[in-house]
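Analysis of the macromolecular model
Below are the chains, spelled out letter by letter.
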Amino acid sequence: QVQLVESGGGLVQAGGSLRLSCTASRRTFSAYVMGWFRQAPGKEREFVAGIGRSGYGLMYAPSVKGRFTISRDNSKNTVVLQMNSLKPGDTAVYYCAANPGYSVSTRYYDYDYWGQGTQVTVSS
């Protein structure tokens, strides 16, 4: 199994930035497609961004494209979500997830391993 731990959440004003990090416990981190999802109160879990095993195949939800950037450093077993120009609608718990497949998926049920989440709150 892969254990995932998120960090970097917090409270920011609209227009501000946050950098979320997710660190995996396994040295086989490079064998996993990685994704970020978020869930706001009363809403379904939704896909935010994904990245392929070697850093290609980037995919973003339309609502965050141009504002968020996903990247990974396999030597550090880390995936990062840089969030800029944050909006109140971005408020949610953000989850890091790992997928043993070969292609980035927007479906949460394709991911086998999940972190516990980190809260992001954006105020006006």
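On a predicted model such as this, the values are computed, not experimentally measured, just so you know. (Residues numbered from 1 in each chain as written. Predicted model: local features only at pLDDT ≥ 70, side-chain atom pairs only at ≥ 80, totals over all residues. Heavy atoms only, no water.)

Time to look at the sheet that holds strand 1 (residues 4–7). Taken in spatial order, the 4 strands line up as 1-3-8-7 in an open sheet, and their pairing is antiparallel. Two strands lie at the open edges of the sheet, namely strand 1 and strand 7 (68–73), each paired on one side alone. Neighbour-to-neighbour, the strand axes of this sheet turn through a mean angle of 15 degrees, independent of strand direction. Bridge analysis of strand 1 against strand 3 (residues 18–24) gives 4 bridges, and the strand direction is antiparallel. Note on strand 3: the bridge partner recorded for Ser7 is Ser21. (Pairing = 2+ DSSP bridges. Helix = DSSP H or I, 4+ residues; strand = E, 2+ residues; numbered from the N terminus. Axes fitted to C-alpha atoms, helices over the stretch in contact; angles between N-to-C directions.)

What follows concerns the pattern of salt bridges. Using the criterion set out here, one finds 4 salt bridges in the structure. Linking Arg38 and Glu46 is a salt bridge whose minimum nitrogen-to-oxygen distance equals 2.8 Å. Under the relative-accessibility criterion, Arg38 is labelled buried at 5%. The exposure class assigned to Glu46 is partly exposed, which follows from its relative accessible area of 34%. Across the pair Arg107 and Asp110 runs a salt bridge whose closest N-O atoms are separated by 2.9 Å. What makes Asp110 partly exposed here is its relative accessible area of 22%. Connected through shared salt-bridge partners, Arg38, Glu46, Arg67 and Asp90 make up one network. (Salt bridge = Lys/Arg side-chain N within 4 Å of Asp/Glu carboxyl O. Buried < 20%, exposed > 50% of the residue type's maximum accessible area, 1.4 Å probe, protein only.)

Bringing unusual backbone geometry into the picture now. The backbone of Asn77 shows a phi angle near 55 degrees, a positive value even though the residue is not glycine. By the element assignment, Asn77 lies in the loop between strand 7 and strand 8 (78–83). You will see that Ser85, though not glycine, has its phi angle at about 50 degrees, which is positive. For Ser85, the location among the structural elements is in the loop between strand 8 and strand 9 (92–99).

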